[in-house]
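Each chain is listed here by its residues.
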Amino acid sequence: MTMPEAGVSVGTTRPKMTARDVKVSYGDIEALKGVSIDVSTEDVTAFIGPSGCGKSTFLRCLNRMNDTIASARFSGSIELDGHDIYSPDMDVVQLRARVGMVFQKPNPFPKSIYENVAYGPRIHGLASKKADMDAIVEKSLRRAGLWDEVKDRLQDSGTALSGGQQQRLCIARAIAVNPEVILMDEPASALDPIATAKIEELIDDLRGRYAIVIVTHNMQQAARVSQKTAFFHLGTLVEYGDTREIFTNPKQPRTKDYITGRYG
Amino acid sequence: MTEVAVTPNGMAGKTDLSAAPTAGSSDLSAAPTAWNSDEMQARIRRRYRQERTFKGLGILALTIAAGFLVFLMVTVIGSGWNSFRQTQVLVPVTFDAARLGIGIEQAKADPRALSRANFQGVMADSVERSFGDDAQLVSDGAWLALRKAVEADPAIIGTTQPMWLIATSNMDQLSKRQIDLDADQANRPVNDFEIAAWNRLEADGKLRTVLNRTFLGGADSVDPELAGIWGALKGSFLTLLVTLAISFPVGVLAAIYLEEFAAKNRWTDIIEVSINNLAAVPSIIFGLLGLSVFLNTMNMPRSAPVVGGLTLALMTLPVIVIASRAAIKAVPPSIRDAALGIGASRVQVVAHHVLPLALPGMLTGTILGMARALGETAPLLMIGMRAFLTSVPQGLTQPATALPVQIFIWSDNVSRGFVEKTSGAIIVLLVFLLTINSLAIYLRNRFEVRW
Amino acid sequence: MSIGFVFLVVLALGGMAFWLGRQRGMAFAVAGGAQVGSVHSRPQYHGAFVAIMAVLPAFLVLAIWAVMGEGLVSREVLSGLPAGAVGDSDLDRSAFLSEVRGLVRGDYAAAFNPSADGAAVAWKLASARYGLLFGSAALALGLMGGLWAWTRLKPDFRARTRVERFMMILLVVASLVAILTTFGIVASLVFESFRFFQIVSPAEFLFGTKWSPQTAIRADQVGSSGAFGAVPLFWGTIFIGAIIAMIVAIPLGLMTAIYLTQYAAPGFRKVAKPVLEVLAGVPTVVYGFFAALTVAPAVRDFAISIGISNASSESALAAGLVMGVMIIPFVSSMADDALTAVPSSMRDGSLAMGATPSETIRKVMIPAALPGIVGGVLLAVSRAIGETMIVVMAAGLAANLTVNPFNSVTTVTAQIVALLTGDQEFDSAKTLSAFALGLVLFLVTLALNIYALAVVKKYREAYD
């Protein structure tokens, strides 16, 4: 009996996103050497691994942000709800609304808080009347846990908020276009511990409504927020499984070495 | 930059370097430096002297540069401020209907007939009656004031009215005390008759000096007292309008394409080098280009603001492209990533996010480019905008001239009256340039965002 | 109908097309619901697509009309004339046509050529006919284009993609204009110079020492020597721009940069730099006037006072001095950049050894900054030799090969201006020689610029 490929879920519900044999190279450098994994809506998935192992690269494949890098070459297949996202008739603009991204360093637009959140719905035509837009903005800010702090100053500039608030604003901005998946690339690494705790709390709130994938170099964080964990090393997916299993009883020796701090 | 605290004359008694090494130290090969010896002290003093001289040279250089600027301004303003004043002579003018060739009723009924009436003759008669004809006192073109008066009130035909008429350039210069009265008659531009006549007028109170509306509101003329810069100003304005309308959109769009969308390969490198070089090409070369392409090949109307504007646009285009590219480059990539991540298309990212943030820098660059174009003379000379025009240009395809070209044309003329007008025109040009540059600096300080 | 009128109608058509397309787009959006992906593009993109498809063909027709219209009408009018009414040469024909145009516009009531009146009537008729032809073609194409586009609209029609592709084409066209200017310059200069070199040999031009650009109109005309040796011009350009001006600009520019970067307090620097920038912003015609008015007579008086009796009032020294002052800000700013780029660790190291600031500057910083400074000087030289107005107004037009700064010399740029003002026939060697001079000027400044920028770039990279 062949072992199921690491990362491929064994279950009956179709996963939200599936990746098969994804290879990425930048010029001559192979960043990903054949990664296969499933992402589901019920569980928060964490990608862990030492720096340069390809986890951020793989994350950026999921919403085709690697297209913006001229030297990147992609092969393999990634499907969202069964549709190949790299096929020519997949509109990358719609893809990026359905698969949202939060970046490592908070990057709000130099506009007002309201406008930051409203920008996405506006360009995608999700609200035709101001009342509808107001509702979307409020809903997104509430879901991101920021509403109470900013409801009286929606016209203030988004860049005037603290680091943690800015990151939650970026999360609200991603939520506003009704995504199905939210990708987070080390969302708390630029924040202080209190702000980090707030973000982790938020991730837990969002679980189940959106499929969340979080890249983190902080193993304790991965252990806290995720239900499924994938360990990347040198461009390959070494091990994938329930978070508790990975951290208490990893099957692969490289995983064990990483978890116990031998390297990383 | 921290100033190293060296005292001007070496040892001010702070650190005592004169102590000999203590007995316990090992005797190394070199003897310790004798800081206190005479020759060392002399040397240090000399080095500080050199320092002072060097620093003084720097201040001298700055003073020379600033001094030249001050000297230039003082000379220009000194010789030019008089151009804003105009001397007028009081002449009792008899509006003789017969000499004019038109009566009161006719004047009231048909205003166009006034353009054919003989105001020149009426003026000549009145001047001769008042002053005799041994000296030219009143300008040849002063009769326009008479026509204006009759247009305003035809009833003065047949009466004698005291009129203030523009004086000739020589009278004007005498009033402005610009002529050296002690020089020999052969070396003076005015002869003794004229001086005597002027003295008489002065004594009789028949001279006055007022604001020179003709200078600011009139077109060029052969006589310096009638020459004005309005024609040149309008020509400059029309030319710059064409320049702005062409170079700003094309420059901004080209910068956006080259910076945001074009692939980064050898071709774009060559393009960048060629645009950088284009910005440093002497302006007269663009004049040659305009001459051979616009005038000869495309047969556009010579001396027209359209052609001048096109030529200057080609000259300003690289400047705008370079400034716009720098402004676009300054927008951080994190903003672009955020917009892309939301699902904006590349064009939307540029239009909604990059362009608004880069706009202040682009505008500053454009305004500075326009200021440079305003002061350019050589290219416009090449395409023929140096025609002598006594009427104000009417449109983009009519012959026109520009302010710096007008300055150039007038500068050839050695009569004192024109020297004054040339300087006056320079003052106007400098005021405009100062305004434009200040606007650019204000924009830059107010709106440019620092990341 | 006139071209302006049709232009406005086309614009109105475009506006209406936009509105209709947008309405349809909004209907799609309402039907599809507010879901990402239900309708591909927002309504404004549907509207823009229809508008572009309507306006573009119409504008194309208008452009053709603008370029060819007058030619077509002229041709028809000329062919309708009786034989012999107009002379055969191009000059006669174009003079006749401008008379006709003047009559049509109402500029004058009568013309010299008797056939002009009849021709004016024919002109008006032909104009009207062509106007109708082109105008209706433009409108028809516009309507068809708009209609076709409107029928293509569907909820999943990728209007935004189409519109964005059109905008990209616009961007590319704009870039091409910017790039083609360089080629245009080179092409026109080379072309005209080539024609010149068919009349005068390149060797005589580049190495001859007699410059007297007359061309004979008649074979027996006196004074039609026509020598085109440009060496005196090259020498004059170098003498004024690269020698005298640089003697003024390099020391002053360098010392001001040194003082401002090494000694001046920040407040002082903030005031002094704008003063230098003002110096750079004064138009060259003002410098020229000032040079002719004040500096040249002063130089001549000085020359007379030290015994040179035949000094002219247009001298190389006057022009060179003023040009040097004009160039000071360029040298200063490039030297400023070069000195600032030297790592402060180098400066600190020298000061820490007990060197005075001036010794540090002279022995450490200037040698370190030298490539950048040299690059700046080369750029300044390039600017100086391309300068026109100062030399035209203060240095004169006498092609002298002299080292006496109190004499008048002329430069390449001044000669270009002199050759091309006044009456010109475009085929004479005199006029074409201006283009040959322009070509030499362009190539020399290009070489200086490329080299200088490369030097400065390499220098910066060494310290980054």
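Along every chain, residues carry numbers that run from 1 in the direction the sequence is written. As they are written, the chains are lettered A onward and the ligands numbered 1 onward, keeping that order. Residues qualify for local features only when their pLDDT is at least 70, as the model is predicted, and side-chain atom pairs are given and counted only at 80 or more; totals for whole chains, interfaces and linings, by contrast, use all residues.

Novice: Which residues make up the overall build of chain B, and what values do they have?
Specialist: Secondary structure elements follow DSSP: runs of H or I of four or more residues count as helices, runs of E of two or more count as strands, with numbering from the N terminus. Assigned secondary structure in chain B consists of 17 helices and three strands. For 451 residues, the compact-globule estimate of 2.2 N^0.38 gives 22 Å, and chain B exceeds it by more than 25% at 34 Å. The principal-axis extent of the C-alpha atoms belonging to chain B is close to 120 × 75 × 40 Å. Think of it as a crowd count around each C-beta: if 20 or more other C-beta atoms lie within 10 Å the residue is buried, if 12 or fewer it is exposed, and in between it is partly exposed, with C-beta placed from the backbone throughout. Looking at the 451 residues of chain B, the share that counts as buried comes to 42%. Once local pairs closer than 6 in sequence are excluded, the contacts in chain B between residues at least 24 apart make up 76%. A radius of gyration in this sense is built from C-alpha atoms; the matching globule rule multiplies 2.2 Å by the number of residues raised to 0.38. Two residues qualify as being in contact provided that their C-beta atoms, derived from the backbone, are within 7 Å of each other.

Novice: Explain the overall build of chain C to me, using residue names and the numbers behind them.
Specialist: Looking only at helices and strands, one finds 15 helices and two strands in chain C. Scaling as 2.2 N^0.38, a compact globule of 464 residues should have a C-alpha radius of gyration of about 23 Å, whereas chain C reaches 32 Å, well beyond that. The principal-axis extent of the C-alpha atoms belonging to chain C is close to 85 × 80 × 40 Å. For chain C, the residues scored as buried account for 45% of the 464 residues in total. A sequence separation of at least 24 residues applies to 74% of the contacts in chain C between residues at least 6 apart.

Novice: Describe in detail the confidence of the model for chain C, supporting the description with residues and values.
Specialist: Caution applies to low-pLDDT regions: their predicted coordinates should not be interpreted in detail. pLDDT expresses how confident the predictor is about each individual residue, on a scale running from 0 to 100. On average, residues of chain C score 83 in pLDDT, and 92% of them reach the 70 mark or higher. For this predicted complex, the interface confidence comes out at an ipTM of 0.83, alongside a pTM of 0.80.

Novice: Explain the sheet that holds strand β2 (residues 29-39) of chain A to me, using residue names and the numbers behind them.
Specialist: All names here are of chain A. Should DSSP find at least two bridges between two strands, the strands are taken to pair. Taken together, the four strands give an open sheet; going across it, the order is β2-β1-β4-β5, and neighbouring strands pair in antiparallel fashion. Of all strands in the sheet, those bounded by a partner on one side alone are β2 and β5 (83-84). Relative to strand β4 (residues 72-80), strand β1 (residues 17-26) is paired through eight bridges, and the arrangement is antiparallel. Looking at β4, one finds that Tyr 26 is bridged to Ala 72. Contacting β1, β2 and β4, helix α1 (residues 55-62) runs over the sheet at an angle of about 120 degrees to β1. For helices, the axis comes from a line fit to the C-alpha atoms of the stretch in contact; other axes are also lines fit to C-alpha atoms, and the angle between any two N-to-C directions lies between 0 and 180 degrees.

Novice: Let's hear about the nonpolar core: which residues, and what values?
Specialist: Among soluble globular proteins, nonpolar side chains are generally buried collectively. Nonpolar core, as used here: buried Ala, Val, Leu, Ile, Met, Phe, Trp, Tyr and Cys residues forming one set through C-beta atoms within 7 Å. Counting residues in hydrophobic clusters, the biggest one holds 177 residues, and the most contacted among them are Ala 291, Ala 319, Val 322, Val 331 and Ala 394 of chain C. Top contributing element to this core by residue count: helix α7 (residues 231-263) of chain C, with 18 residues. Every residue in contact with Val 322 of chain C, bar those within four places of it in the chain, is listed here: Tyr 287, Phe 290, Ala 291, Val 295, Ile 390 and Ala 394 of chain C. One finds Leu 62, Phe 103, Cys 170 and Met 184 of chain A within the second-largest nonpolar core, a separate group that totals 82 residues.

Novice: How would you sum up the interface of chain C and chain B? Please name residues and give values.
Specialist: The interface is formed by 65 residues belonging to chain C together with 66 residues belonging to chain B. Looking at the side of chain C that touches chain B, the element that brings in the most residues is helix α5 (residues 159-199) of chain C, giving 19 residues. Each residue gets one of three labels, nonpolar for Ala, Val, Leu, Ile, Met, Phe, Trp, Tyr, Cys and Pro, charged for Asp, Glu, Lys and Arg, and polar for the others, Gly among them. Considering only residue class, the side of chain C that touches chain B consists of 43 nonpolar, 18 polar and four charged.

Novice: Give me the lowdown on the sheet that holds strand β7 (residues 181-185) of chain A, citing residues and values where you can.
Specialist: Residue and element names in this part refer to chain A. The strand order β6-β7-β8-β3-β9-β10 describes an open sheet built from six strands, whose pairing is mixed. Two strands bound the open sheet, and with one partner strand each, they are β6 (99-102) and β10 (236-242). Taken pair by pair, the neighbouring strands of this sheet meet at an average axis angle of 20 degrees, ignoring direction. Here β6 pairs with β7 via four bridges, running parallel.

Novice: So what about the pairing of β4 of chain A? Which residues, and what values?
Specialist: Residues and elements named next belong to chain A. Relative to β5, β4 runs antiparallel, the two sharing two bridges. Counterpart to Glu 79 in the pairing with β5 is Asp 84. Taking the residues that link successive antiparallel strands as the turn, the β4-β5 hairpin has two residues, and the phi of Asp 81 there is positive, at about 55 degrees.

Novice: Quick one: what's the story with the packing of helix α3 (residues 113-124) of chain A against helix α4 (residues 130-143) of chain A, residue by residue and with numbers?
Specialist: Residue and element names in this part refer to chain A. Following both chains from N to C, one finds α3 and α4 inclined at 110 degrees, their axes separated by 9 Å at the closest point. Accordingly, the angle class assigned to the pair α3 and α4 is roughly perpendicular. As for the relative orientation of α3 and α4, their crossing is right-handed in sense. Facing Tyr 114, Val 117, Ala 118 and Pro 121 of α3, the residues of α4 in contact are Met 133, Ile 136, Val 137, Ser 140 and Leu 141. Here the contact of α3 with α4 is built from residues that sort into eight nonpolar, one polar and no charged. We call two directions roughly parallel when the angle between them is under 35 degrees, roughly antiparallel when it is over 145, roughly perpendicular when it lies between 65 and 115, and oblique otherwise. If you view the pair so one helix is near and one far, a crossing is left-handed when the near helix is turned anticlockwise from the far one by less than a right angle, and right-handed when it is turned clockwise.

Novice: Quick rundown of the domain arrangement of chain B? Include the residues and the values.
Specialist: Along its sequence, chain B is organised into domain 1 (89-210) and domain 2 (230-447). Domain start and stop positions are those given by an automatic or database domain assignment. Summarising the inter-unit geometry, the C-alpha centres of domain 1 of chain B and domain 2 of chain B are found 45 Å apart.

Novice: Would you mind going over the pairing of β10 of chain A in detail, with residue names and values included?
Specialist: Bridge count between strand β9 (residues 228-233) of chain A and β10 of chain A: six bridges; the pairing is antiparallel. From the neighbouring strand, Thr 229 of chain A faces β10 of chain A, where its bridge partner is Gly 241 of chain A.

Novice: Any chance you could break down the environment of Ile 175 of chain A for me, citing the residues and the numbers?
Specialist: Residue and element names in this part refer to chain A. Examined against the element boundaries, Ile 175 turns out to sit in helix α6 (residues 163-175). Along the primary structure Ile 175 and Gln 104 are separated by 71 residues, whereas in three dimensions their C-alpha atoms are 17 Å apart. Ignoring anything within four residues of it in the chain, the contact list for Ile 175 reads Ser 140, Arg 143 and Ala 144.

Novice: Talk me through the interface of chain C and chain A; I want residue IDs and the actual numbers.
Specialist: The interface of chain C with chain A comprises six residues on the first partner and nine residues on the second. Grouping the amino acids of the side of chain C that touches chain A by side-chain chemistry returns four nonpolar, one polar and one charged.

Novice: Outline the environment of Lys 206 of chain B, listing residues and values.
Specialist: Looking at the element boundaries, Lys 206 of chain B is found in the loop between α7 (192-204) and β3 (207-211). If we ignore the near neighbours within four places in the chain, the residues touching Lys 206 of chain B are Val 89, Leu 90 and Leu 201 of chain B.

Novice: Break down unusual backbone geometry for me, citing the residues and quoting the values.
Specialist: Leaving glycine aside, a negative phi is the common case for residues, and trans is the common case for peptide bonds. Residue and element names in this part refer to chain A. Positive phi is not limited to glycine here, since Arg 64 has a value of about 55 degrees. Assignment of secondary structure puts Arg 64 in the loop between α1 and β4. A residue is classified by how many C-beta atoms lie within 10 Å of it, and Arg 64, with 18 of them, is partly exposed.

Novice: A description of helix α1 (residues 3-32) of chain C should follow, citing residues and the corresponding values.
Specialist: Residues and elements named next belong to chain C. End to end, α1 covers 43 Å across 30 residues, agreeing with the expected 44 Å (1.5 Å per residue, within 8%). Regarding α1, the residues found buried are Val 6, Val 10, Leu 13, Gly 14, Ala 17, Phe 18, Leu 20, Gly 21, Arg 22, Gly 25, Phe 28 and Ala 29. For α1, the secondary structure elements touched by its buried residues are α2 (43-79) and α4 (115-152). Just downstream of α1, Gly 33 is the residue with a positive phi angle, here 85 degrees. Expected helix span is given by 1.5 Å per residue-to-residue step, counting one fewer step than there are residues.

Novice: Tell me about the environment of Gly 251 of chain B, and please be specific about residues and values.
Specialist: All names here are of chain B. Along the polypeptide, Gly 251 turns up in helix α9 (residues 230-261). Along the primary structure Gly 251 and Ala 155 are separated by 96 residues, whereas in three dimensions their C-alpha atoms are 60 Å apart. Each residue touching Gly 251, except ones within four places of it in the same chain, is listed here: Leu 317, Ile 320, Val 321 and Ser 324.

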